[in-house]
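Residue-level listing of the chains:
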Amino acid sequence: MTLLEGSVGVEDLVLLEPLEQESLIRNLQLRYEKKEIYTYIGNVLVSMNPYQQLPIYDLEFVAKYRDYTFYELKPHIYALANMAYQSLRDQDRDQCILITGESGAGKTEASKLVMSYVAAVCGKGEQVNSVKEQLLQSNPVLEAFGNAKTIRNNNSSRFGKYMDIEFDFKGSPLGGVITNYLLEKSRVVKQLEGERNFHIFYQLLAGADAQLLKALKLERDTGGYAYLNPDTSRVDGMDDDANFKVLQSAMTVIGFSEEEIRQVLEVAALVLKLGNVELVNEFQANGVPASGIRDGRGVQEIGELVGLNSGELERALCSRTMETAKEKVVTALNVVQAQYARDALAKNIYSRLFNWLVNRINESIKVSTGEKRKVMGVLDIYGFEILEDNSFEQFVINYCNEKLQQVFIEMTLKEEQEEYKREGIPWVKVEYFDNGIICNLIEHNQRGILAMLDEECLRPGVVSDSTFLAKLNQLFSKHSHYESKVTQNAQRQYDHSMGLSCFRICHYAGKVTYNVNSFIDKNNDLLFRDLSQAMWKARHPLLRSLFPEGDPKQASLKRPPTAGAQFKSSVTTLMKNLYSKNPNYIRCIKPNEQQQRGHFSFELVNVQAQYLGLLENVRVRRAGYAYRQAYGSFLERYRLLSRSTWPRWNGGDQEGVEKVLGELSMSSEELAFGKTKIFIRSPKTLFYLEEQRRLRLQQLATLIQKTYRGWRCRTHYQLMRKSQIVISSWFRGNMQKKRYGKMKASALLIQAFVRGWKARKNYRKYFRSGAALILSNFIYKSMVQKFLLGLKNNLPSPSILDKKWPSAPYKYFNTANHELQRLFHQWKCKKFRDQLSPKQVEVLREKLCASDLFKGKKSSYPQSVPIPFHGDYIGLQRNPKLQKLKGGEEGPILMAETVMKVNRGNGKTSSRILLLTKGHVIITDTKNAQAKTVIPLNSLARVSVTSFKDGLFSLHLSEISSVGSKGDLLLVSEHVIELLTKIYRATLDATQIQLPVAVTEEFSVQFKEGSLTVKVIQGPGGGGTGKLSCKKKGSRCLEVTVQ
């Protein structure tokens, strides 16, 4: 466990000392200020909203918490999600994760993190990924229609949500079911100052394009709608435009059709437009007050939008039909009643639309297979609420939290009892506050507050909120958890905060005062039958389906169940569901009201901690044994405290733990040895163990340091000793080397003097005879040096086109000067070649080959030098038929050109396309692009070309029959230099044999029938244009004239 070592504060509040409310809050504050937002209470997770993105949710953290058990790493929501998922997958135990807290405490984000973690660690596959994506994409849809900006939270969930995610036996998700609770539909028609309506309205107006808004008959300005608060149309950090696109994408992923999305948006637009229907006072003929619509345009647009007769809608809004078994009575509504009817219709439409969306999502994500399934439930529901004015909504919300607290206490104690039973430890009854009396006060079938509320709603006669309060005062006058002004007066208690229309319930989290005003109306939640029937008559499929009771065939005079009865039934079903699963708790806390990062309000957190019952949770957890751990992990951590188990232990884990604790003389009352775990009663004992471990670690650290220092000193001494030996030997060797060097230098000096003396003696008489040679050599070397230095300072530019070179100052330097000029030119050429790309090198090689073949031989060669070789002169890339003629293994086409084929019989020419590949010359027809002749390059014997400026050439073949041709080819090309160069290089690459290229004015062409002599002459114009005129001279001679 990393509960104490290296942690910030206490990571598990079960180990908190002293256990008081203030110390608990201070510990949370200390951890929050260090950005440690998660804290444990046993296996319960307390989460503080950081109001910022923390780098603790990436894939690295997912992988880390997947590989460790619950207590091995810092507290994290991934640890709880991993424990729940592994228990579901490996132990086949259904799980539920209960997320509670105030609005703005981060419940929705916590549920998203749980779902994203489960999605990341479960199985892979196309179908599995599709299911995961649908489950995750349900959040944006439900947030858009069920969340809103409140004073406390910019993205507050205004409904309760319970999602059952179903898995197969491998732990891969199959689908899920979503259940929603108590949507705050009153927000549709009225919001407090600084709050917004549901997100969908603002997203629709901001994100829909002009065409969609026109079809929905809406304007983009939010100030034009009575149901929207114009002062808070925008929220910092929230992009309604982008969120609308996310919503559309999410609905598509879930499986909504485009028509369904369109119908949902039309119903949402209908709600907005209902708010703009303005009702005015009117009077009937008998003077009875009635109501009417000021401007019929709005009702008409609504009718056009949903296919409804505007007259029927106006009658339904301004009148009411009372129906009995014998007769119908139509009563006109006054303005107040008509406004109530309009708002009730808007709230019902939106509430039923939300329920339809939940059901539609369930249809997409439901499990179709009948195999056995495992279930993980995620509950994201309202926390305990105490407002300045608490009404019916707060009453049922707090009732739900009372039931959840009851589940928590019972399930926690049950889990403790089961663990003690598994480990064979006697169970001691735990004293705790049982809130069953409060739950019974609210939900009792005959004498509960909800039962009394339903009875008052159904009672004939004059019914009001005051009569309901009077009945409560009479029934619960002596109840210990109920107070009102009447009961206080009876007990002679005076409380100025208690109003005449209020009652107070002492909940487990504190006292809450409720105002009974509107309790009856909100519990009835009635919608006039005229409005239901009008909606059913609409030609809009979705709107019509939302009001099945409007069908006259299904009309019923039976009163629908009240809101309180429906919520009680939903809570009862939820409780049964939770009791059938293994619970996991996440308690979310809001650190401040301003949604500021890093700010911690002690008073606010203290109130929330009381609402959530954190201190009560710790006390229940510590009622038995505060700390427990498996023998193996405990021994691994504390075995260093015993000489018997340190440094190694070969016995069993439990025996080793007993050895350790026995040598520490621990009290037997503080310890209990289970079958697989050691149990420690109080945190003080654990802290004592940690302190002893810390001291022992210091001792071991000192021992390690001492051993290390001794080793380091010995090693240092040995190194110094080796170094001293090396230095001494080197010094002695160096001294001897220096002495030897001096002796050698002295000997050489003596030898030099002796040899010099002998040389001077023998050659003194010849000394002057060699002076002229020495002087001439010196002068020559000086002139050479001057010449080279001058040449160095006057080198020409490095351009290869610059042919300038300084002349030699003396004639006997001419040979050397020419050689230096040649070397300098070669150096410039090499520098130029090094700068060329491979493609440019290839182009120059082709030009060089053309120069070798035709320079000084062909008259048209000089004009071809500055023109680059293109290769493709027919647009080969745009002609796929020609591309298919080459073999796929031969690579790209080297040359593609239109040539003229000379007919050997009459000298006429016909157009052909010549394709040159690495292995063949292909002659094709220009019209149908079919190959006429295919000549392998190894079949070419030689090429003949004239010396004039014409493009005539002949391809001579070695074997006529081998190429499928009638004989040698006589062709005319406008790019004869480039074509013959490429044929020459391709033949050389293919056959490693140089193709003979003959430049001649007379050559012979071989055919199957015989041969033909081609004679080329120059016309009167000198052959400047290069045009050809062919004329047959006999049967064996063709005369070609170059114009």
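Relevant structure appears above.
Residues numbered from 1 in each chain as written. Predicted model: local features only at pLDDT ≥ 70, side-chain atom pairs only at ≥ 80, totals over all residues. Heavy atoms only, no water.

### Quick look at the overall build of the protein chain
In terms of helices and strands, the protein chain carries 32 helices and 31 strands. The C-alpha atoms of the protein chain give 51 Å as radius of gyration, which overshoots the globular expectation for 1043 residues (31 Å, by more than 25%). By principal-axis analysis of the C-alpha atoms, the protein chain measures approximately 150 × 105 × 55 Å. Surface accessibility of the protein chain: about 54600 Å² in total, with carbon and sulfur atoms responsible for 52%. Both charge centroids of the protein chain, one from 145 positive and one from 109 negative side chains, sit 17 Å from each other. (Helix = DSSP H or I, 4+ residues; strand = E, 2+ residues; numbered from the N terminus. Rg over C-alpha atoms; globule rule 2.2 N^0.38 Å. Areas by Shrake-Rupley, 256 points an atom, 1.4 Å probe, with all protein chains shown as cover. Lys, Arg positive; Asp, Glu negative; His and termini not counted. Charge placed at Lys NZ, Arg CZ, Asp CG, Glu CD.)

### Things to note about the packing of aromatic side chains
Taken as a whole, this structure holds 30 aromatic pairs when the rule is applied. The interplanar angle of 65° and the centroid separation of 4.8 Å between the aromatic rings of Phe 159 and Phe 354 together place this pair among those described as edge-to-face. You can see Phe 159 sitting in the loop between β5 (156-157) and β6 (160-167) and its partner Phe 354 sitting in helix α12 (residues 335-365), a full 195 residues away along the chain. There is no split in this pair, since Phe 159 and Phe 354 are both buried. Taken together, the ring pairs connect Phe 392, Phe 395, Phe 468, Phe 476, Tyr 482, Phe 503, Tyr 514 and Phe 519 into an aromatic cluster. A cation sits over an aromatic face here: Lys 64 above Phe 61, 4.6 Å from the ring centre. When the ring centre of Trp 536 is taken as origin, the NZ or CZ atom of Arg 544, which lies over that ring, is 3.8 Å away. (Phe/Tyr/Trp six-rings, centres within 6.5 Å; stacked < 30°, edge-to-face > 60°. Buried < 20%, exposed > 50% of the residue type's maximum accessible area, 1.4 Å probe, protein only. Lys NZ or Arg CZ within 6 Å of the ring centre and 35° of its normal.)

### Notes on the nonpolar core
By size, the foremost hydrophobic cluster in this structure holds 210 residues, and its most contacted members are Phe 145, Phe 201, Leu 345, Ile 349, Phe 395 and Phe 503. The element best represented in this core is α12, accounting for 13 residues. Met 895, Val 899, Ile 923 and Leu 955 belong to the second-largest nonpolar core, a separate cluster that totals 30 residues. (Core = buried A, V, L, I, M, F, W, Y, C linked by side-chain atoms within 4.5 Å.)

### Thoughts on the sheet that holds strand β15 (residues 510-515)
Spatially, β13-β14-β15 is the arrangement adopted by the three strands of the open sheet, whose pairing is antiparallel. In this open sheet, the two strands that pair with only one neighbour each are β13 (482-484) and β15. Geometrically, the sheet is characterised by an average inter-axis angle of 25° between neighbouring strands, direction not taken into account. One ladder, built from three bridges, connects β13 with strand β14 (residues 502-507); its direction is antiparallel. For Glu 483, the partnering residue across the bridge sits in β14 and is Arg 504. (Pairing = 2+ DSSP bridges. Axes fitted to C-alpha atoms, helices over the stretch in contact; angles between N-to-C directions.)

### A look at the sheet that holds strand β22 (residues 920-925)
Strand order in this open sheet of eight strands is β23-β22-β21-β20-β26-β25-β24-β27, and the pairing throughout is mixed. Two strands in the sheet have a free side with no partner beyond their single neighbour: β23 (931-936) and β27 (997-999). Taken over all neighbouring pairs, the strand axes of this sheet differ in orientation by 30° on average, direction set aside. Pairing geometry for strand β24 (residues 940-945) and strand β25 (residues 952-957), over five bridges, is antiparallel. Considered in β25, the bridge of Ser 944 is made with Ser 954.

### Description of the pattern of salt bridges
Counted according to the given criterion, the structure contains 38 salt bridges. Ionic pairing is found between Lys 537 and Glu 312, a salt bridge with its closest N-O pair at 4.0 Å. Linking Lys 537 in the loop between α19 (529-536) and α20 (541-546) with Glu 312 in helix α11 (residues 310-318), this pair joins segments that are 225 residues apart in sequence. A residue is classified by how much of its surface remains accessible, and Glu 312, at 24% relative accessible area, is partly exposed. One salt bridge in this structure joins Glu 636 and Arg 639, with 3.9 Å as the shortest N-O distance. (Salt bridge = Lys/Arg side-chain N within 4 Å of Asp/Glu carboxyl O.)

### Considering the packing of helix α1 (residues 21-33) against helix α22 (residues 602-612)
For the pair α1 and α22, the least separation of the axes is 10 Å and the interaxial angle reads 120°. Crossing hand, α1 versus α22: right-handed. Where α1 abuts α22, its residues Gln 21, Glu 22, Ile 25, Arg 26, Leu 28 and Gln 29 lie against Phe 602, Val 605, Asn 606, Ala 609 and Gln 610. Class assignment for the residues of the contact of α1 with α22 results in five nonpolar, four polar and two charged. (Left-handed = near helix turned anticlockwise from the far one by under 90°. Contact = heavy atoms within 4.5 Å. Nonpolar A, V, L, I, M, F, W, Y, C, P; charged D, E, K, R; others polar.)

### Here's the deal with a nonpolar patch on the surface
Where nonpolar side chains cluster on the molecular surface, the patch consists of Trp 730, Phe 731 and Met 735 and spans about 370 Å² of accessible area. Secondary-structure assignment places Met 735 in helix α26 (residues 683-763). (Patch = residues over 30% accessible without salt bridge, like charges linked within 9 Å, V, L, I, M, F, W, Y side chains within 5 Å.)

### Re the environment of Phe 244
Tracing the backbone shows Phe 244 in helix α8 (residues 240-254). Each C-alpha atom, one on Phe 244 and one on Ala 208, is 7.6 Å from the other, the two residues being 36 residues apart in sequence.

### Topic: the pairing of strand β30 (residues 1028-1032)
One face of the sheet, then the other: side chains in a regular strand alternate in exactly this way. As paired elements, β30 and strand β31 (residues 1037-1042) share five bridges and run antiparallel to each other. Of the residues in β31, the one forming a bridge with Leu 1028 is Val 1042. From the end of β30 to the start of β31, which pair antiparallel, there are four residues, and Gly 1034 there has a positive phi angle of about 80°.

### Topic: helix α32 (residues 976-991)
Taking 1.5 Å of rise per residue, the 16 residues of α32 would be expected to cover 22 Å, and the 22 Å separating its terminal C-alpha atoms lies within 8% of that figure. Looking only at α32, the buried set comprises Val 976, Ile 977, Glu 978, Leu 979, Leu 980, Thr 981, Lys 982, Ile 983, Tyr 984, Ala 986 and Thr 987. Taken from the residues just after α32, Gln 992 is the one with a positive phi, measuring 60°. (Expected span 1.5 Å × (residues − 1).)

### Re unusual backbone geometry
Note that the residue after Glu 17, namely Pro 18, is joined by a cis bond; omega there is -5°. Following the sequence through the fold, Pro 18 ends up in the segment before α1. Residue Pro 647 is bonded to the preceding Trp 646 through a cis peptide linkage, with omega at 10°. In this structure, Pro 647 sits in the loop between α24 (631-638) and α25 (653-663). Of note, the phi angle at Lys 217 is positive, near 60°, even though the residue is not glycine. Residue position: Lys 217 is located in the loop between α7 (210-216) and α8. For Lys 217, a relative accessible area of 28% translates into the label partly exposed. With a phi angle near 60°, Arg 492 is a residue other than glycine that sits in the positive phi range. Judged by relative accessible area, which is 72%, Arg 492 ranks as exposed.

### Re the packing of helix α2 (residues 59-66) against helix α3 (residues 77-91)
α3 packs onto α2 with a crossing angle of 50° between their chain directions and a minimal axis gap of 9 Å. In terms of orientation, α2 lies oblique with respect to α3. You can see that α2 and α3 cross each other, and the crossing is right-handed. Residues Phe 61, Val 62, Tyr 65 and Arg 66 of α2 form the contact with α3, whose own contacting residues are Tyr 78, Ala 79, Asn 82 and Gln 86. Here the residues of the contact of α2 with α3 are counted per class, giving five nonpolar, two polar and one charged. (Parallel < 35°, antiparallel > 145°, perpendicular 65-115°, else oblique.)

### Some remarks on the environment of Ala 242
Topologically, Ala 242 is positioned in helix α8. Ala 242 sits in the partly exposed class, given a relative accessible area of 33%. Once the C-alpha coordinates of Ala 242 and Asn 49 are considered, the two residues, 193 residues apart in sequence, prove to be 24 Å apart.

### Quick look at α19
With six of eight residues buried, α19 lies mostly within the body of the structure. Residues of α19 that are buried: Asp 530, Leu 531, Ser 532, Ala 534, Met 535 and Trp 536. Taken together, the buried residues of α19 touch α11, β10 (319-323), α12 and α20.

### Focus on the state of the cysteines
According to the stated counting rule, one finds zero disulfides in the structure shown. Considering cysteine sulfurs only, Cys 439 is the nearest to Cys 506, which forms no disulfide, with 14 Å between them. (Disulfide = S-S within 2.5 Å.)

### Let's talk about the environment of Glu 402
Structurally, Glu 402 can be placed in helix α13 (residues 392-423). For the pair formed by Glu 402 and Asn 435, sequence separation is 33 residues and the distance between their alpha carbons is 7.2 Å. Not counting residues within four places of it along the chain, the set of residues in contact with Glu 402 comprises Asn 435, Ile 438, Cys 439, His 507 and Tyr 508.

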